[in-house]
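Each chain, letter by letter, is given below.
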Amino acid sequence: MDLAMKLHYLRGVYFFSSEAVQGLTVYRIKEPMFTWLNHYYWTCGRFRRSNSGRPLIKCNDCGVRIIEAKCDKTIDEWLEMKDSSLTKLLVSNHIVGPELPFSPLVFLQVTSFKCGGMSLGLSWAHVLGDAFSASDFINMWGQAMANQLPQHPVDLPKSSFMLVKPANRSQLATDPLSIKRVDPVGDNWITVNNCKMEPFSFHITATQLTQLQAKISGHKATPPFECLCTIFWQSIARVCSRHEPEIVTVCKNERGSRRTGTLSNSAQIISTVKADFSVKEAKPKDVAALLVEHAVDERGLIEAAVERDGGVSDFIIYGANLTFVNLEEASFYGLELNGQKPVHVSYLIDGIGDEGVVLVAPPGPKDSGKDSNEGKIVTVILPEDQVMELKSELKREWSIA
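Residues numbered from 1 in each chain as written. Predicted model: local features only at pLDDT ≥ 70, side-chain atom pairs only at ≥ 80, totals over all residues. Heavy atoms only, no water.

Enquirer: Quick rundown of the overall build of the chain? Include the residues and the values.
Expert: Along its length, the chain carries 10 helices and 16 strands. Taking 21 Å as the expected radius of gyration for a compact globule of 401 residues, we find that the chain reaches 21 Å, a close match to that expectation. Projected onto its principal axes, the C-alpha positions of the chain cover 60 × 55 × 40 Å. Relative to its 401 residues, the chain shows a buried fraction of 55%. Considering only intrachain contacts with a sequence separation of at least 6, the fraction spanning at least 24 residues in the chain is 77%. Carbon and sulfur atoms provide 49% of the accessible area of the chain, an area that totals close to 18300 Å². Placing the 42 positive and 46 negative side-chain charges of the chain at their respective mean positions leaves the two points 2 Å apart. (Helix = DSSP H or I, 4+ residues; strand = E, 2+ residues; numbered from the N terminus. Rg over C-alpha atoms; globule rule 2.2 N^0.38 Å. Buried < 20%, exposed > 50% of the residue type's maximum accessible area, 1.4 Å probe, protein only. Contact = heavy atoms within 4.5 Å. Areas by Shrake-Rupley, 256 points an atom, 1.4 Å probe, with all protein chains shown as cover. Lys, Arg positive; Asp, Glu negative; His and termini not counted. Charge placed at Lys NZ, Arg CZ, Asp CG, Glu CD.)

Have a look at this one:
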């Protein structure tokens, strides 16, 4: 599963107020990293290839890369711009390769703002683990800053997840619907899009979400994530000039199968949903029912496809189909500095396919008591020629702006 994700990258940015970073010099920020990275020593390794060509991590303590930057705006001014495309200025856009032995798997960018606040940008090679793993990783740095690290290093990732392989052998001979085989990339681990992709975000308040659920399901409430998937699947189907997306991929955390601190890609459920009717013409409740009741977990098929080629072929998952990613349970606000949580956290996925990705994440720390921290943040990454039409469709049909 890790190798299936090797062309994808997570870019997370954590914003902290001036009070949270008071007294934190660059030296003070770096000093606990040595102890922290002892707990995740394989993230400091570099990729090699076996004689068969299969990638593997050599645990040689080459480390993570740290970038320092300054911004002439305040954090409030930055966040008021509400431009997701600017995230790339606060986090490294590195990829693995083209020289595998010299390519870090993790980059950290510390950006100082005019107001005295700071952002921490995490660039994470998805081959190491999913967004839940990445957030656990960076949260433990906060524990290191507070001298609260566990005594023993985190266990190496293991195949402890029982992925059900299909009994039908013919299924094992073909690639599952959730992945797309791409042309060989060699040691330059990124796929090339056929169009320019553009990110943008919405804050759906708790009140809006309740109204949207009622509009879709009436008295029987659709879960929030599936509700938002329904809205965006239908809306994208109506504005997509190339084709109507009949198959979507849905990624969500598998509850109870993940230990905090363990890095893995196997505990994220990757399923597909296929519509045998026109999504754009359907009733929203029918689309919602399809998402809730007919998702097919394809993790076993994905692993079989990777192993069939000895781990040397190249695939994408995010954006192979229109992909919905549920990050509601990720502990993005678990990172604390001087006992304070971030004022805002944002995540994007790089290396996605042309079909696009929709991410659903929490808008803020749950225990802050602020109304603005209720609801969901929805980040959409789509071909740029669909963005304006989608915004108009969402505003017209669902009053989302």
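Enquirer: Could you give me a rundown of a negative patch on the surface, with the residues and numbers involved?
Expert: The grouping of Asp 72, Asp 76, Glu 77 and Glu 80 at the surface amounts to a negative patch. Within the secondary structure, Asp 76 sits in helix 3 (residues 75–80). The exposure class assigned to Asp 76 is exposed, which follows from its relative accessible area of 54%. (Patch = residues over 30% accessible without salt bridge, like charges linked within 9 Å, V, L, I, M, F, W, Y side chains within 5 Å. Salt bridge = Lys/Arg side-chain N within 4 Å of Asp/Glu carboxyl O.)

Enquirer: Hey, could you go over the nonpolar core for me, with residue numbers and the actual values?
Expert: Judged by nonpolar contacts, the single largest core of 76 residues is most densely connected at Trp 36 and Trp 141. Here the element with the most residues in this core is helix 4 (residues 131–145); it accounts for nine residues. The residues touching Trp 36, leaving out its near neighbours within four places in the chain, are Leu 108, Phe 137, Ile 138, Met 140, Trp 141, Ala 144 and Leu 149. Core analysis: the next-biggest nonpolar cluster, separate from the first, contains 38 residues, Leu 228, Ala 237, Val 273 and Ala 275 among them. (Core = buried A, V, L, I, M, F, W, Y, C linked by side-chain atoms within 4.5 Å.)

Enquirer: So what's going on with the sheet that holds strand 14 (residues 344–350)? Which residues, and what values?
Expert: A sheet is described by the order of its strands in space; here five strands give the open sequence 4-5-6-1-14, paired in mixed fashion. Every interior strand has two partners, whereas the edge strands, strand 4 (65–70) and strand 14, have only one. Neighbour-to-neighbour, the strand axes of this sheet turn through a mean angle of 15 degrees, independent of strand direction. Pairing geometry for strand 4 and strand 5 (residues 106–112), over six bridges, is parallel. Within the sheet, the bridge partner assigned to Ile 66 lies in strand 5 and is Leu 108. In the packing of helix 4 onto the sheet, contacts are made with strand 1 (9–16), strand 5, strand 6 (118–125) and strand 14, and the angle to strand 6 comes to roughly 135 degrees. (Pairing = 2+ DSSP bridges. Axes fitted to C-alpha atoms, helices over the stretch in contact; angles between N-to-C directions.)

Enquirer: Can you break down the packing of aromatic side chains residue by residue, with the values?
Expert: Per the counting criterion, the structure on display carries 13 aromatic pairs. Judged by centre distance (6.0 Å) and plane angle (85 degrees), the rings of Tyr 14 and Tyr 347 are edge-to-face. Of the two residues, Tyr 14 sits in strand 1 while Tyr 347 sits in strand 14, which places them 333 residues apart along the sequence. Per residue, the accessibility class of Tyr 14 equals that of Tyr 347, and both read buried. Over the ring of Trp 189 we find Lys 6; its NZ or CZ atom is 5.6 Å from the centre of that ring. (Phe/Tyr/Trp six-rings, centres within 6.5 Å; stacked < 30°, edge-to-face > 60°. Lys NZ or Arg CZ within 6 Å of the ring centre and 35° of its normal.)

Enquirer: Break down the pairing of strand 13 (residues 322–326) for me, citing the residues and quoting the values.
Expert: Across the five residues that make up strand 13, a large majority, five, are buried. Burial along strand 13 is two-sided: Leu 322, Phe 324 and Asn 326 and Thr 323 and Val 325, pointing in opposite directions, are all buried. Across four bridges, the pairing between strand 9 (residues 247–253) and strand 13 is parallel. Note that in strand 13 the partner of Cys 251 across the bridge is Val 325. Here four bridges tie strand 13 to strand 15 (residues 357–361), and the two strands are oriented parallel to one another. The residue bridging Asn 326 from the neighbouring strand is Val 360, located in strand 15.

Enquirer: Explain the packing of helix 7 (residues 224–239) against helix 8 (residues 284–293) to me, and be specific about the residues and the numbers.
Expert: At a minimum axis separation of 9 Å, helix 7 and helix 8 run at an interaxial angle of 120 degrees. Comparing the axis directions of helix 7 and helix 8 gives the class oblique. The hand of the helix 7/helix 8 crossing is right-handed. Seen from helix 7, the contacting residues are Glu 226, Cys 229, Thr 230, Trp 233 and Gln 234; seen from helix 8, they are Pro 284, Val 287, Ala 288, Leu 290, Leu 291 and Val 292. (Parallel < 35°, antiparallel > 145°, perpendicular 65-115°, else oblique. Left-handed = near helix turned anticlockwise from the far one by under 90°.)

Enquirer: Got a sec to walk through the sheet that holds strand 9? Specific residues and values, please.
Expert: Whether parallel or antiparallel, the strands of a sheet pair through hydrogen bonds between backbone atoms. If you walk across this open sheet you meet the seven strands as 8-16-15-13-9-10-11, and the pairing is mixed. Either end of the sheet is taken by a strand with one partner, and the two such strands are strand 8 (197–204) and strand 11 (296–297).

Enquirer: So, helix 10 (residues 384–398): which residues are in play, and what are the values?
Expert: For helix 10, which comprises 15 residues, the first-to-last C-alpha distance of 21 Å matches the rise-based estimate of 21 Å (1.5 Å per residue) to within 8%. Against the buried residues of helix 10 lie strand 8, helix 6 (206–217), helix 7, helix 8 and strand 16 (376–383). Two residues or fewer past helix 10, Ser 399 is found with a positive phi of approximately 55 degrees. (Expected span 1.5 Å × (residues − 1).)

Enquirer: Can you tell me about unusual backbone geometry, naming the residues and giving the values?
Expert: At the junction of Gly 97 and Pro 98, the peptide bond is cis and its omega measures out at 0 degrees in the coordinates. Relative to the helices and strands, Pro 98 is located in the loop between helix 3 and strand 5. Positive phi is not limited to glycine here, since Lys 82 has a value of about 50 degrees. With respect to the element layout, Lys 82 can be found in the loop between helix 3 and strand 5.

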